[in-house]
Amino acid sequence: MSHKLLKGKKGIIFGALDSKSIAWKVAEEAVANGAKIILTNAPIALRMGSINELATKCNSKVIAADATSVSDLENLFLTAMQDFDGKIDFVLHSIGMSVNVRKKRDYTNLNYDFLIKGLDVSAISFHKMLQVAFQLDAINDFGSVLALTYIAAQRTFPDYNDMAENKSYLESIARSFGYHYGKHNHVRINTISQSPTMTTAGSGVAGFDGFFEYADKISPLGNASAEDCAKYCITLFSDYTKLVTMQNLFHDGGFSNTGVSKELIDILGKKK
Ligand code: NAI
């Protein structure tokens, strides 16, 4: 299902680690829709993941960049503009990591060095890439920048741990930078709040299988898959959504507006 919505557009995609990654699906869908892309990830992820396979499939270059390093980001945007022979039309930030989650630290026993590292990787990196792009004037008028987030920014999911604060910060950057970038260059900035998805980052959260099932049973349309998320991203990169900016957009099969489902009540009721 390709409508060539991104014909002639050029983009940078952060965060494709392996074929389960949401960014991987976005890359495939963007190219199927006529875009040219550059893939990027942290140097260690380039060594450990399978991004080269994706690069071959998408006929795209891979540029290493640690998203917390301003000099790496400057090199990335400058090289991309050279390669594309012009400015960029869309950027995907699909990056998340909490050291506290990785090391299984409880929320009431956080290590603050770990917290700062996770905040830098998961949220401040978004500000850094926007600031670098802004200062280099790297994005075309009505270009579109997206970051992926999770509803734990608004409601408590205990095992999501300090990633909840990271996502709140990320969503706030989309609003604040969205104002400034909108005023100056008509660049739009949004976050997509995605259903739980079986990926490396997702399944790193304790009890992930449980809340994947729970969300699936609550959501009237069921959990949104990575492939569906990719399709939604394409619409937001396209010219059909030119005036959408500074929003947190739920892509979750209706989870965020549902209190409880009959299916779940039936399951819990039977336990008595
Ligand atoms: P993933 O593990 O495939 O992707 C995370 C990516 O972040 C990896 O490619 C990793 O190399 C990259 N990364 C980590 N540190 C980095 C750094 N310093 N510089 C550059 N890249 C770095 O997992 P997934 O699920 O595709 O995650 C993508 C985004 O989607 C994340 O923001 C995640 O929080 C978000 N999300 C995921 C959900 C899920 O259930 N999987 C649900 C809602 C949002």
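For the structure itself, consult the block above.
Reading guide: rules and limits
- Residues numbered from 1 in each chain as written.
- Predicted model: local features only at pLDDT ≥ 70, side-chain atom pairs only at ≥ 80, totals over all residues.
- Heavy atoms only, no water.
- Pairing = 2+ DSSP bridges.
- Helix = DSSP H or I, 4+ residues; strand = E, 2+ residues; numbered from the N terminus.
- Axes fitted to C-alpha atoms, helices over the stretch in contact; angles between N-to-C directions.
- Contact = heavy atoms within 4.5 Å.
- Buried < 20%, exposed > 50% of the residue type's maximum accessible area, 1.4 Å probe, protein only.
- Right-handed = clockwise from strand over helix to strand, strands pointing away.

## Side note on the sheet that holds strand 5 (residues 139–149)
Working definition: the strands of a sheet are paired by backbone hydrogen bonds and lie parallel or antiparallel to each other. Across the sheet, which stays open at both edges, the 7 strands sit in the order 3-2-1-4-5-6-7 with parallel pairing between neighbours. Two strands bound the open sheet, and with one partner strand each, they are strand 3 (61–64) and strand 7 (248–251). Strand-to-strand twist in this sheet, taken as the mean axis angle between neighbours without regard to direction, amounts to 20°. Contacts between helix 4 (residues 70–84) and the sheet are confined to strand 1 (10–14), strand 2 (36–41), strand 3 and strand 4 (88–93), with strand 1 contributing the most and set at about 150° to the helix. Strands in contact with helix 6 (residues 112–135) are strand 1, strand 4, strand 5 and strand 6 (188–194); relative to strand 4, the strand with the most contacts, it is inclined by about 170°.

## Regarding the pairing of strand 5
Extensive coverage of strand 5 is indicated by the burial of 8 of its 11 residues. Bridge analysis of strand 4 against strand 5 gives 5 bridges, and the strand direction is parallel. When the sheet's bridge partners are listed, Leu92 is paired in strand 5 with Leu146. Both strand 5 and strand 6 contribute to a ladder of 6 bridges, which runs parallel. Bridge pairing links Leu148 to Ile192 in strand 6. Each parallel crossover has a hand, and for strand 5 linked through helix 7 (residues 163–185) to strand 6 it is right-handed.

## Quick notes on unusual backbone geometry
Note on backbone geometry: most residues besides glycine have negative phi, and most peptide bonds are trans. Phi angles above zero are rare outside glycine, and Asn59 is one such case at about 55°. Tracing the backbone shows Asn59 in the loop between helix 3 (51–58) and strand 3. The phi torsion at Phe142 lies on the positive side, around 65°, for a residue other than glycine. As for its placement among the helices and strands, Phe142 is situated in strand 5. Note on Phe142: relative accessible area 27%, which makes it partly exposed.

That is the geometry; function is a separate question.
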